[in-house]
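Coordinate analysis (summary)
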Amino acid sequence: QLQLEESGGGLVQPGGSLRLSCAASSVFILDYVAIGWFRHAPGKGREGVSCISSMRGVTNYADSVKGRFTISKDKAKNTVHLQMNSLKPEDTAVYYCATIIGCLRSGWSPSGSWGQGTHVTVSS
């Protein structure tokens, strides 16, 4: 099974930035699988944040983060990044990356492989 590991979370002030990383355990894997970012805040359900497709690298974002977050991938390092700018308190959550089926404007569904999550806290 593909192993994923998130990193880069932490405490940041409103308006600040963080760069999350999702490292995959297999070489060349990002040519074959799409990756999505999800987040779970206390008392709320899981929310799809962003995704990037495999070969073409098509990207999509939740309306709540569009214009502030940017997803990208470094194929040489088998890593997907999520650059988060202009962070808001409502962005506070545990962020997870996962393999997904499809990367559409309408959403993206996990396909079985998850990281363990990285905590993001936005507070003054």
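Look a little higher up for the structure.
Scope of this entry: the structure provided in the associated data block. (Residues numbered from 1 in each chain as written. Predicted model: local features only at pLDDT ≥ 70, side-chain atom pairs only at ≥ 80, totals over all residues. Heavy atoms only, no water.)

1. Focus: the overall build of the protein chain
The number of helices and strands found in the protein chain is 0 helices and 11 strands. From first element to last, N terminus to C terminus, the protein chain shows the α and β order β-β-β-β-β-β-β-β-β-β-β. Its C-alpha atoms give the protein chain a radius of gyration of 13 Å, near enough to 14 Å, the size a compact globule of 124 residues would have. Taking all 124 residues of the protein chain together, 44% fall into the buried category. Long-range pairs, those at least 24 residues apart, make up 57% of the contacts in the protein chain between residues at least 6 apart in sequence. Accessible surface computed for the protein chain: about 6,500 Å², of which carbon and sulfur atoms make up 50%. Of note, the protein chain has its 12 positive side-chain charges centred 5 Å away from the centre of its 8 negative side-chain charges. (Helix = DSSP H or I, 4+ residues; strand = E, 2+ residues; numbered from the N terminus. Rg over C-alpha atoms; globule rule 2.2 N^0.38 Å. Buried < 20%, exposed > 50% of the residue type's maximum accessible area, 1.4 Å probe, protein only. Contact = heavy atoms within 4.5 Å. Areas by Shrake-Rupley, 256 points an atom, 1.4 Å probe, with all protein chains shown as cover. Lys, Arg positive; Asp, Glu negative; His and termini not counted. Charge placed at Lys NZ, Arg CZ, Asp CG, Glu CD.)

2. What to know about the sheet that holds strand β3 (residues 18–24)
The antiparallel open sheet is built from 4 strands, whose spatial order is β1-β3-β8-β7. With one partner strand each, in any of the chains shown, β1 (4–7) and β7 (69–74) form the two edges of the open sheet. Neighbour-to-neighbour, the strand axes of this sheet turn through a mean angle of 15°, independent of strand direction. Summarising the sheet, β7 and strand β8 (residues 79–84) pair through 6 bridges and their orientation is antiparallel. Residue pairing in the sheet places Lys 73 in a bridge with Val 80 of β8. (Pairing = 2+ DSSP bridges. Axes fitted to C-alpha atoms, helices over the stretch in contact; angles between N-to-C directions.)

3. Looking at the pattern of salt bridges
A full pass over the atoms with the stated rule returns 5 salt bridges. Note that Asp 31 and Lys 75 form a salt bridge whose closest N and O atoms lie 2.8 Å from each other. Of this pair, Asp 31 sits in the loop between β3 and β4 (34–40) while Lys 75 is found in the loop between β7 and β8, placing the two residues 44 residues apart along the sequence. Here Lys 75 falls in the partly exposed class, since its relative accessible area comes to 37%. One salt bridge in this structure joins Asp 63 and Arg 105, with 2.0 Å as the shortest N-O distance. (Salt bridge = Lys/Arg side-chain N within 4 Å of Asp/Glu carboxyl O.)

4. Some words on the side chain of Ser 21
Of note, Ser 21 is situated in strand β3. For Ser 21, a relative accessible area of 16% puts it in the buried group. At a separation of 3.0 Å, a polar atom in the side chain of Ser 21 contacts the side chain of His 81. Excluding residues that lie within four positions of it along the chain, Ser 21 makes contacts with Glu 5, Glu 6, Ser 7, Trp 37, Thr 79, Val 80 and His 81. (Polar contact = N/O pair within 3.5 Å; in protein donor to acceptor, adjacent residues only side chain to side chain.)

5. Focus on the side chain of Asn 78
Inspection of the secondary structure assignment puts Asn 78 in the loop between β7 and β8. According to the relative accessible area criterion, Asn 78 is buried, its value standing at 10%.

Don't take any of this as a statement about function, it's just geometry.
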